[in-house]
Amino acid sequence: MRRLFFYLSLILLSFISCSQGKNVHDSVLPATALKNFLTDISGKAILFGHQDDLAYGIGWNSIPGESDVKRTTGSYPAVFGWDLGNIGDVKNLDGVPFDSIKAYIKRAHQLGGINTISWHARYPVTKYDSWNLTSIDIPAILPGGQSHYLFVKELDLVAGFLSSLKDDSGKSIPIIFRPWHEMYGNWFWWGSSACSDKEYRQLFRFTVEYLRNVKGLRNLLIAFSPDKGFNSKEDYLKRYPGDDVVDVLGLDDYGGFKQNRLDLIVIRLGIVIDLAKERGKISAFTETGNDKLNINNWYTSNLLQVLKASEKTRSISYVLVWRNRDEKHFYVPWPGHEQAEDFRTFVNDKMIFLLDDIKTLNQ
Ligand code: BMA
């Protein structure tokens, strides 16, 4: 009798999951569902993302429902980027209150979007910002170091924030967490001038192991996100912390566009995609853009060319452009901007998915 009940429940469960169709946020473990979704869409669509999209834009700040991507195209982006820099304060490093970020993440998730979080971390000992290289001592903050407890304190704040991200029914919201990014450049304290390759791997591994094993977080896909400072698979992997602590292989590349070397971006994306395929990971163009859009029709003449350069580049799962702070620092055109029409042409491409396009997958 018990066994019959068990089989009947199984049939009922599979019926329920089939009838719901494919969904970005289905399945048991939130992170696994997201990983499966991103794997499935590879080659069919490239999701478009924007940093701080719901928080502010050109000429507006904290107006519920607003978004520069939506103002210009009619749809929200498919991917929403956020940052935990200055965690512990009321507002993040770009002036967005952490409570608001939480609400935006919840809203984006509710709408069917994907959230990714970067962390422009302060150095835990001095609390200087990510770009300040004064008195950096990585061994001091690693396990066994005299200031390790200060690093753990920061991670506790990060874990507190990430674990508080829940939907209305109390289920954890899946997040692509992207710590210690652009590690081959020399501008961050975890970059090439103040942190060795070995120290970097330890820093990364400790972060992920602490969040997953000590704090028990199950809603994270972890992204490893180098800047353009590599020319081969070997270079890309120099600081790779290991397959067990990474889910998404990324690329942050602005310089290739600035230097008009689209060919090099295609090569770098190719390296990321090849490695991701070999290792069963997701590949993503985790950060890019053309600040102030000073390259003519950048979205179709540059970004789309790179994304659609080959069968291979088309298999990237998403691309995220940086924030719209004001008219002196922005990446997405607003409705009256001279490249607004070009941006609409870009998002109307069959491969490029905004939030409304994701919704059509489930119909
Ligand atoms: C940079 C700029 C800065 C910002 C930082 C973190 O690219 O946008 O103004 O503080 O990212 O978001």
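Structure's up top.
What this report covers is the structure whose coordinates are included nearby.

Basis of the calculations
- Along every chain, residues carry numbers that run from 1 in the direction the sequence is written.
- Local features in a predicted model are, by the rule used here, given only for residues with pLDDT of at least 70; side-chain atom pairs are given and counted only at 80 or more, and totals for whole chains, interfaces and linings are based on all residues.
- Here the side-chain values reflect all heavy atoms present in the structure, with hydrogen atoms and water set aside.
- The helix count covers DSSP runs of H or I at least four residues long, the strand count covers runs of E at least two residues long, and both are numbered beginning at the N terminus.
- Here the radius of gyration uses the C-alpha set of atoms, whereas the globule reference equals 2.2 Å times the residue count to the power 0.38.
- The rule is simple: take the accessible area with a 1.4 Å probe, protein chains only, and divide by the maximum for that residue type; under 20% is buried, over 50% is exposed, in between is partly exposed.
- We call two residues in contact when some of their heavy atoms are within 4.5 Å.
- The Shrake-Rupley method, run with a 1.4 Å probe sphere, supplies the accessible areas, and residue values consider only the shown protein chains as cover.
- When charges are tallied, Lys and Arg are placed among the positive residues and Asp and Glu among the negative ones, while His and the ends of the chain are skipped.
- Lysine's charge is taken at NZ, arginine's at CZ, aspartate's at CG and glutamate's at CD.
- Here a Phe, Tyr or Trp ring, Trp counted by its six-membered ring, pairs with any other such ring whose centre lies within 6.5 Å, and the pair is stacked when the planes are under 30 degrees apart, edge-to-face when over 60, and tilted otherwise.
- Our definition puts a charge over a ring when NZ of Lys or CZ of Arg is within 6 Å of the ring centre and also within 35 degrees of the ring normal.
- Expected helix span is given by 1.5 Å per residue-to-residue step, counting one fewer step than there are residues.
- Residues belong to a common nonpolar core when they are buried Ala, Val, Leu, Ile, Met, Phe, Trp, Tyr or Cys residues joined through side-chain atoms within 4.5 Å.
- By definition here, a salt bridge exists when the distance from a side-chain nitrogen of Lys or Arg to a carboxyl oxygen of Asp or Glu is within 4 Å.
- Note on pairing: DSSP must find at least two bridges between two strands before they are called paired.
- When the strands point away from the viewer, a crossover counts as right-handed if the route from the first strand across the helix to the second turns clockwise.

1. Quick look at the overall build of the protein chain
Working step 1: A count of helices and strands for the protein chain gives 13 helices and 11 strands.
Working step 2: In terms of overall size, the protein chain behaves like a compact globule, its C-alpha atoms giving a radius of gyration of 20 Å where 363 residues would be expected to give roughly 21 Å.
Working step 3: For the protein chain, with 363 residues in total, the buried portion stands at 55%.
Working step 4: For the protein chain, long-range pairs separated by at least 24 residues make up 73% of all intrachain contacts whose partners lie at least 6 apart in sequence.
Working step 5: Counting only carbon and sulfur atoms, one obtains 52% of the accessible surface of the protein chain, whose full area is about 15,500 Å².
Working step 6: Charge separation in the protein chain, taken as the distance between the mean sites of 43 positive and 42 negative side-chain charges, equals 5 Å.

2. Notes on the packing of aromatic side chains
Working step 1: Enumeration according to the criterion identifies 30 aromatic pairs in this entry.
Working step 2: Ring-pair connections join several aromatic residues into one group, and the members of that group are Trp 119, Tyr 123, Trp 131, Phe 151, Trp 180, Trp 187, Phe 188, Trp 189, Trp 190, Phe 206 and Tyr 210.
Working step 3: The residue whose ring lies beneath Lys 70 is Tyr 76, and the NZ or CZ to ring-centre distance is 5.1 Å.

3. Points about helix 6 (residues 148-163)
Within an α-helix, residues lying three or four positions from one another point in the same direction, as the helix has 3.6 residues per turn.
Working step 1: A rise of 1.5 Å per residue sets the reference length of helix 6, with its 16 residues, at 22 Å; its end C-alpha atoms lie 22 Å apart and thus fit the reference within 8%.
Working step 2: Of all the positions in helix 6, only His 148, Leu 150, Phe 151, Val 152, Glu 154, Leu 155, Val 158, Ala 159, Phe 161 and Leu 162 are classed as buried.
Working step 3: Looking at the buried positions of helix 6, the neighbouring elements they touch are helix 4 (98-110), strand 5 (114-118), helix 5 (138-141), strand 6 (175-178), helix 7 (197-214) and strand 7 (220-224).

4. Focus on the side chain of Ser 283
Working step 1: By secondary structure assignment, the location of Ser 283 is in strand 9 (residues 282-288).
Working step 2: If near-sequence neighbours (up to four positions away) are discounted, Ser 283 is found in contact with Leu 249, Val 272, Ile 273, Ala 276, Ser 315, Ile 316, Ser 317 and Tyr 318.

5. Concerning the nonpolar core
Working step 1: Judged by nonpolar contacts, the single largest core of 115 residues is most densely connected at Leu 47, Phe 48, Leu 162, Phe 177 and Phe 285.
Working step 2: For this core, the element with the most residues is helix 10 (residues 262-279), which contributes 8 residues.
Working step 3: Sequence-distant contacts of Leu 162, defined by excluding residues within four places in its chain, comprise Leu 84, Ile 117, Ile 175, Phe 177, Leu 211, Leu 217, Asn 219 and Leu 220.

6. Regarding the pattern of salt bridges
Working step 1: Counted under the stated rule, the structure contains 22 salt bridges.
Working step 2: Residues Lys 127 and Glu 154 are paired through a salt bridge, measuring 3.7 Å at the closest nitrogen-oxygen approach. Within this pair, whereas Lys 127 is found in the loop between strand 5 and helix 5, its partner Glu 154 is found in helix 6, the two being separated by 27 residues in sequence.
Working step 3: For Asp 156, the salt bridge is made with Lys 215, and the minimal N-O distance between the two is 3.2 Å. Here Asp 156 is found in helix 6, whereas its partner Lys 215 is found in the loop between helix 7 and strand 7, with 59 residues between them in sequence.
Working step 4: On the basis of relative accessible area, Asp 156 is assigned to the partly exposed category, the value being 30%.
Working step 5: Judged by relative accessible area, which is 39%, Lys 215 ranks as partly exposed.
Working step 6: Bridged by salt links that share partners, the residues Arg 178, Asp 252 and Glu 287 form one connected network.

7. A look at the pairing of strand 6
Every regular strand shows the same layout, with side chains that alternate between the two sheet faces.
Working step 1: Of the two faces of strand 6, the one holding Ile 175 and Phe 177 and the one holding Ile 176 and Arg 178 are both buried throughout.
Working step 2: One ladder, built from 4 bridges, connects strand 5 with strand 6; its direction is parallel. Across the sheet, Ile 117 pairs through a bridge with Phe 177, a residue of strand 6.
Working step 3: Across 3 bridges, strand 6 lies against strand 7 in parallel orientation. Paired with Ile 175 across the bridge in strand 7 is Leu 220.
Working step 4: Taking the sense of rotation as the criterion, the β-α-β connection linking strand 6, helix 7 and strand 7 turns out right-handed.

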